[in-house]
Amino acid sequence: MYALSLLVTAGVVVAAPSYKPGWPSVTNIQVGPRPFWLVDQMEDSPLKAELAACSEKPIHHAPFFSISHRGGPLEFPEHSREGLYAGARMGAGVLECDVAFTSDRQLVCRHSQCDLHTTTDILLRPELAAKCTTPFQAATAESDATAKCCTSDITHDEFLSLCAKMDSSNPDATTPEEYQYGGPDWRTTAYDNCATPVDHKTYIKITDSLGLQFTPELKTPEVEMPFQGNYTQEMYAQQLIDEYKEACINPKRVWPQSFLEDDILYWIKAEPRFGKQAVYLDERVDTEEGYEVAVASMDRLSKQGVRIMAPPIFALLNTSAEGEIVPSAYAKAANRAGLDIITWSLERSGPLKEAAETGEYYISTIADAITGDGDMYRIVDALARKVGVKAMFSDWPATVTYYANCLGLN
Ligand SMILES: *[C@@H]1O[C@H](CO)[C@@H](O)[C@H](O)[C@H]1NC(C)=O
Ligand SMILES: *[C@@H]1O[C@H](CO)[C@@H](O)[C@H](O)[C@H]1NC(C)=O
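For the protein, the name recorded in an unreviewed UniProt entry is glycerophosphodiester phosphodiesterase, with Aspergillus lucknowensis as its organism. UniProt, in its Catalytic activity (unreviewed entry) section for the protein, records the words "a sn-glycero-3-phosphodiester + H2O = an alcohol + sn-glycerol 3-phosphate + H(+)". If you open the UniProt record of the protein and go to Sequence similarities (unreviewed entry), you find "Belongs to the glycerophosphoryl diester phosphodiesterase family."

Asks: Provide a residue-level description of the pattern of salt bridges, including the pertinent values.
Replies: A pair can form between side chains of opposite charge whenever their charged atoms are brought close. A complete count under the given rule lists 18 salt bridges for this structure. For Asp44, the salt bridge goes to Lys48, with nearest N and O atoms at 4.0 Å. A relative accessible area of 17% places Lys48 in the buried class. The salt bridge involving Glu271 is made with Lys245; its shortest N-O contact spans 2.6 Å. Highlighted residues: Glu271 in the loop between helix H10 (261-270) and helix H11 (272-275) and Lys245 in helix H9 (residues 233-246), separated in sequence by 26 residues.

Asks: Tell me what's going on with the packing of aromatic side chains, and back it up with residues and numbers.
Replies: For the structure on display, the rule yields 19 aromatic pairs. Ring centres of Phe136 and Tyr179 lie 5.5 Å apart, and the angle between their planes is 65°; on these two criteria the pair is classed as edge-to-face. Taken together, the residues span a long stretch of sequence, with Phe136 in strand E6 (residues 134-137) and Tyr179 in helix H7 (residues 176-179) at a distance of 43 residues. The residues Phe136 and Tyr179 share a single accessibility class, namely buried. Centroid distance Tyr231 to Tyr236: 6.1 Å. Interplanar angle 50°. Geometry classified as tilted. The class for Tyr236 is buried, based on a relative accessible area of 1%.

Asks: Summarise the site of ligand 1; cite the residues concerned and give the values.
Replies: Taken together, the residues surrounding ligand 1 are Arg105, Gln228 and Asn230. Take Gln228: an N or O atom from its main chain is 3.2 Å from an oxygen atom of ligand 1. Asn230 is positioned such that a nitrogen or oxygen atom in its side chain is 2.4 Å from an oxygen atom of ligand 1. Bound to the protein, ligand 1 loses 24% of the 360 Å² it would expose on its own.

Asks: If you had to explain the nonpolar core to someone new, which residues and values would you point to?
Replies: Counting 96 residues, the largest nonpolar core has Leu317 and Ile379 as the members making the most contacts within it. When residues in this core are grouped by element, the largest group, 8 residues, is from helix H17 (residues 376-387). Apart from the residues within four sequence positions on either side, Ile379 is in contact with Ile313, Leu317, Ile325, Leu346, Leu352, Ile363, Ile366 and Ile370. Within the second largest apolar cluster, 17 residues are counted, among which are Leu116, Ile122, Leu128 and Phe136.

Thresholds, definitions, all that
- Residues numbered from 1 in each chain as written.
- Chains lettered and ligands numbered in written order.
- Predicted model: local features only at pLDDT ≥ 70, side-chain atom pairs only at ≥ 80, totals over all residues.
- Heavy atoms only, no water.
- UniProt positions renumbered as here; feature names shortened; annotations may be inferred.
- Salt bridge = Lys/Arg side-chain N within 4 Å of Asp/Glu carboxyl O.
- Buried < 20%, exposed > 50% of the residue type's maximum accessible area, 1.4 Å probe, protein only.
- Helix = DSSP H or I, 4+ residues; strand = E, 2+ residues; numbered from the N terminus.
- Phe/Tyr/Trp six-rings, centres within 6.5 Å; stacked < 30°, edge-to-face > 60°.
- Near = heavy atom within 4 Å.
- Polar contact = N/O pair within 3.5 Å; in protein donor to acceptor, adjacent residues only side chain to side chain.
- Areas by Shrake-Rupley, 256 points an atom, 1.4 Å probe, with all protein chains shown as cover.
- Core = buried A, V, L, I, M, F, W, Y, C linked by side-chain atoms within 4.5 Å.
- Contact = heavy atoms within 4.5 Å.

Below, the structure written as structure tokens:
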């Protein structure tokens, strides 16, 4: 009876919905309770009223504005199959894969080339742990526990045999088991049950099957290039683009990112259809001098064909004397030069009151304007309406999807 895949309902025979293992479609978009809780936390304001009035409006994918940063790493192991689907379910229109290479030069999704010791169970796999650049070293009275395991230490098949886990480690660990989870405690381990690592080609298949857009990031190598004597940075940058061409993906759906200006300029020259959508991740802003250099570079970059700048959130915002969140010098300079802006990453700071008090990176320039989680949508709104960002990376895409739906942004 069950094997027939037929349901008999009130005498009418209907075909059971087909379940396609591997590539399910995601159309029933859910933002869950968090956006509503964030609105509830807000002090009364026109923005709160505007967002609250959307509470029963149907939710759809935000075709571009909501970018899933590494999946949904507030709760799901980053760069896992499960995280990608969580990001899609939360209405992200763009899914991210940070790209790193393995010892056999295959591209896989990992935030950093050398974070396997904190984002996978590699240290619990003795045969693979032995290949780590720096094997596990227990904490001592003088020093924290350490390890350094890189995608380039192992093969593609070995990488896919790992469990992806929440990015976390315990500096006091004396065994690999103790090293696995050390917070922060505002992230959950509720979904930390051997998540599935993905390679870049699988990420392309998943994202394509969902009808969403792609933002692969070419991670800066942590090994000397050329790797193995003949794998150059340009070959690596080209290989990333080639995997979209092989999969017949329209370049209009692909937003390749890099922190390295040379990668961006390489794509503009060698692969102009992809290069014109390249996203320049700008960490020059991390120092005061670098910030000035970045602000002064906008016209030059525009002339070189760069169209999209992507600095961290703090670099786009400033606090006015009245305690308002306002655009920074960087935001004004990028807008003046006609460059589009994307920013990263919302929902990465933890509870905002504590983040403001500790001068946390992403909100460091607006700490004085922040009193708690009710300010989350003040940040989003300042970025969207005052700075004019085209899209936003978030560790919990639902938060941005809700805002984009409410305002009719795409
Ligand atoms: C690159 O170097 C490896 C050895 O590290 C060698 O096996 C391979 O044939 C070389 N490939 C090319 C294209 O030169
Ligand atoms: C922030 O605002 C202050 C006060 O208006 C101004 O002096 C400063 O240059 C601004 N900083 C940035 C980075 O925009």
